[in-house]
Amino acid sequence: MKTKILKFILPAFAIIMAVGLAFATDESNATQTGYYNHPILGVQSISTDCPDFGTVQCMEGPYQVFKDQNLTIPLYEPRE
Amino acid sequence: MGTTRPSNVIITLISIAYIILFVYTAVSKLMHLSQFQLRLERMPYMESIAPWVAFGVPFVELVITGLLLIPKYRLIAFHACLGLMTLFTAYSAIVLNFSESIPCSCGGVISAMGWKVHILFNAFFILLALLAIFQIKKHKAQLSKQHTT
């Protein structure tokens, strides 16, 4: 009985718990369009998951990403 | 018959810890696959292989989970766990030498950890995998000794 619990019931319970946890702690930060200034190509749009708030500036390669095409509202990295 | 050795209990508990970790992170990544791919594309050295890694990592995590469920394949599974966790940790450590902040694409609440905490967390799981490998090998050696005597 003890072996049965160790071999089958505990792993099954672990899988169910992990899937449940994944859904329970699901954070839905949707992607949005961001803009950056390319020195040659000009303002470029990209799809990004960077939110409007945070501490570390959102970067696309060496370029800072902004929320608007005028490049005035910066976007931030989702989390460090 | 039907008795459980302490080493079996340790191995099972470590398997469960890895099953929870891998199923949780794989499901979290698969729920937001495009977002996971986007984050990978922004990580150093990952741009060109991001689509492959985005599918590959959760797939490998689920395959390892499957192997952990079958006692016969647990030794292979723990070697794979050790390899994967070492790879994640080495990549994080290398990248952190170049940048203070890199977008984490770890899945779920694990991405809320700071990078230093994340490396410690990975190191703890590496130690668990090593302990499990050691216990399985010890158990196998004991079994073969019993058969020969």
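Residues numbered from 1 in each chain as written. Chains lettered and ligands numbered in written order. Predicted model: local features only at pLDDT ≥ 70, side-chain atom pairs only at ≥ 80, totals over all residues. Heavy atoms only, no water.

As annotated in an unreviewed UniProt entry, chain B is Methylamine utilisation protein MauE domain-containing protein from Flagellimonas algicola. The annotation that UniProt attaches to chain B under Subcellular location (unreviewed entry) is "Membrane". (UniProt positions renumbered as here; feature names shortened; annotations may be inferred.)

For chain A, the name recorded in an unreviewed UniProt entry is Secreted protein, with Flagellimonas algicola as its organism.

The subject of this paragraph is the side chain of B:Asn122. Residue and element names in this part refer to chain B. Here Asn 122 is to be found in helix α5 (residues 115-148). Judged by relative accessible area, Asn 122 falls into the buried class, the value being 3%. Separated by 3.3 Å, the side chains of Asn 122 and Thr 89 make a polar contact. When residues no more than four places from it in sequence are discounted, the contact partners of Asn 122 are Met 85, Phe 88 and Thr 89. (Helix = DSSP H or I, 4+ residues; strand = E, 2+ residues; numbered from the N terminus. Buried < 20%, exposed > 50% of the residue type's maximum accessible area, 1.4 Å probe, protein only. Polar contact = N/O pair within 3.5 Å; in protein donor to acceptor, adjacent residues only side chain to side chain. Contact = heavy atoms within 4.5 Å.)

Residue and element names in this part refer to chain B. Annotation from UniProt places "transmembrane region" (unreviewed entry) at residues 7-27, 49-70, 77-99 and 119-136. Secondary structure content for residues 7-27 is 100% helix and 0% strand, and the end C-alpha separation is 30 Å. Secondary structure content for residues 49-70 is 91% helix and 0% strand, and the end C-alpha separation is 31 Å.

Residues and elements named next belong to chain B. Overall, the coordinates contain 6 aromatic pairs over all chains when judged by the stated rule. Relative to Phe 125, the ring of Tyr 18 has its centre 5.2 Å away and its plane inclined at 80 degrees; by these criteria the two rings are edge-to-face. With Tyr 18 in helix α1 (residues 6-31) and Phe 125 in helix α5, the pair connects residues that are 107 residues apart, well separated along the chain. Exposure remark for Tyr 18: the relative accessible area of 0% places this residue in the buried category. When the ring of Phe 124 is compared with that of Phe 125, the centres are 5.8 Å apart and the planes differ by 85 degrees; the resulting orientation is edge-to-face. Of the residues examined, Phe 124 reaches a relative accessible area of 47% and is grouped as partly exposed. Judged by relative accessible area, which is 7%, Phe 125 ranks as buried. (Phe/Tyr/Trp six-rings, centres within 6.5 Å; stacked < 30°, edge-to-face > 60°.)

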